[in-house]
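# Fold and geometry: a report
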Amino acid sequence: MHRRRRRTALLLSAAIAAAPLLTACGNDAHPGAAAVVGDQRITVSQLENRVKEVRAAQRAAVTDDAQYAQAIAQTGTLTRDTLHGMVLDQVLHRAAEDAGITVSRKEVQQMRAGLEQQAGGARGLETAWLQQYGIPPQRLDENLRLQLEAQKLATKLGTDTSQQIFWDALSKASEELDVDLNPRYGSWDAKKVSRVDAETPWVREITSAGTQQTT
């Protein structure tokens, strides 16, 4: 239930430079790829760059090392969460395409303007999206486009993003795309439309801030 609420909030909320390194032992069945989604590869390099964007934004948003260290501690699963989001974005986009849904640049701009008004300006919105959803400023419009796709898909299905019929559409798209994760990041459950941690004690996530976590 917690994961479902988190996924829904990330998809549809309108309320408002230290990148982790991955080390692993054993055979790598996905050389260079963090995930394969349909005919698209999400490379490890792309994933690491996304994480760096978030860390750089977090670093810019705080005033001292203690606050930054706290931000790092609060987002210790950033790499895995980021990959989950990157895959889910493609799944959602596929589901929207299947339903004949499109989103214009004007619609994104209108949504952003409304959210900025609620958040007290552009900076307030960027800060809120970074803190709550780990979306750096340069990815905000991209995320809002996906939010709109989710809204339109739910409306077309006669439901909302908290209901099973919406997630069934995403599950169908997930199965069509045949999502395949590099085992070091877990696996993808198409029915639940979610990344699942693998029981692999040899995977470690290390941050250059000096913290180490065993997944």
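In case you missed it, the structure is sitting above this.
Keep in mind that what you see is a predicted model, and the values were worked out from it rather than measured. Residue positions are given per chain, counting from 1 as you read along its sequence in written order. Reporting in this predicted model follows two pLDDT cut-offs: at least 70 for local features of residues, and 80 or more for side-chain atom pairs to be given and counted; totals over whole chains, interfaces and linings ignore these cut-offs and use all residues. In computing side-chain values, all of the structure's heavy atoms are included and hydrogens and water are not.

### Observations concerning the packing of helix α2 (residues 44-61) against helix α4 (residues 78-98)
- Axis lines are fitted through C-alpha atoms, for helices just across the contact stretch, and the angle between N-to-C directions can take any value from 0 to 180 degrees. In DSSP terms, a helix is any run of H or I states spanning at least four residues, a strand is any run of E spanning at least two, and both are numbered starting from the N terminus. For the pair α2 and α4, interaxial distance at closest approach is 10 Å and the crossing angle is 115°. The angle between α2 and α4 places the two elements in the roughly perpendicular class. Regarding α2 and α4, the two cross each other, and that crossing is right-handed. When α2 is examined against α4, the residues Q46, L47, R50, V51, V54 and R55 are found in contact with a partner set consisting of L78, T79, T82, L83 and M86.
- Ten residues, namely Ala, Val, Leu, Ile, Met, Phe, Trp, Tyr, Cys and Pro, are considered nonpolar, four, namely Asp, Glu, Lys and Arg, are considered charged, and the remaining ones, Gly among them, are considered polar. Partitioning the contact of α2 with α4 into residue classes produces six nonpolar, three polar and two charged. Roughly parallel here means an angle under 35 degrees, roughly antiparallel means over 145, roughly perpendicular means 65 to 115, and every remaining angle is called oblique. By convention the crossing between two helices is left-handed if the near helix lies anticlockwise of the far one by an angle smaller than a right angle, and right-handed if it lies clockwise. Note on contacts: a residue pair qualifies if any of its non-hydrogen atoms lie within 4.5 Å across the two residues.

### What about the pairing of strand β3 (residues 40-43)?
- Paired strands, as defined in this entry, are two strands with at least two bridges between them according to DSSP. Looking at chain direction, strand β2 (residues 33-37) and β3 are connected through four bridges and run antiparallel. Bridging from a neighbouring strand, V36 pairs with R41 of β3.
- The antiparallel hairpin formed by β2 and β3 contains two residues in its connecting segment, where G38 sits at a positive phi of about 65°.

### A closer look at the sheet that holds β2
- Within the open sheet, the three strands sit side by side as β3-β2-β4. Their pairing is antiparallel. This sheet does not close on itself; its edge strands, each paired only once, are β3 and β4 (180-181).

### Topic: helix α8 (residues 164-177)
- An expected span of 1.5 Å times one less than the residue number is assigned to each helix. With 14 residues, α8 should cover 20 Å at 1.5 Å per step; its first-to-last C-alpha distance of 20 Å lies within 8% of that length.
- Burial classification: accessible surface area is computed with a 1.4 Å probe over protein chains only, and a residue below 20% of its type maximum counts as buried, one above 50% as exposed, and the rest as partly exposed. Buried within α8 are the following residues: F166, W167, A169, L170, S171, A173, S174 and L177.
- Just past α8, the residue D178 takes up positive phi, approximately 50°.

### Brief notes about the pairing of β2
- By the criterion of burial, β2 is predominantly enclosed, with four of the five residues buried.
- Bridge count between β2 and β4: two bridges; the pairing is antiparallel. The partner of A35 across the bridge, within β4, is L181.

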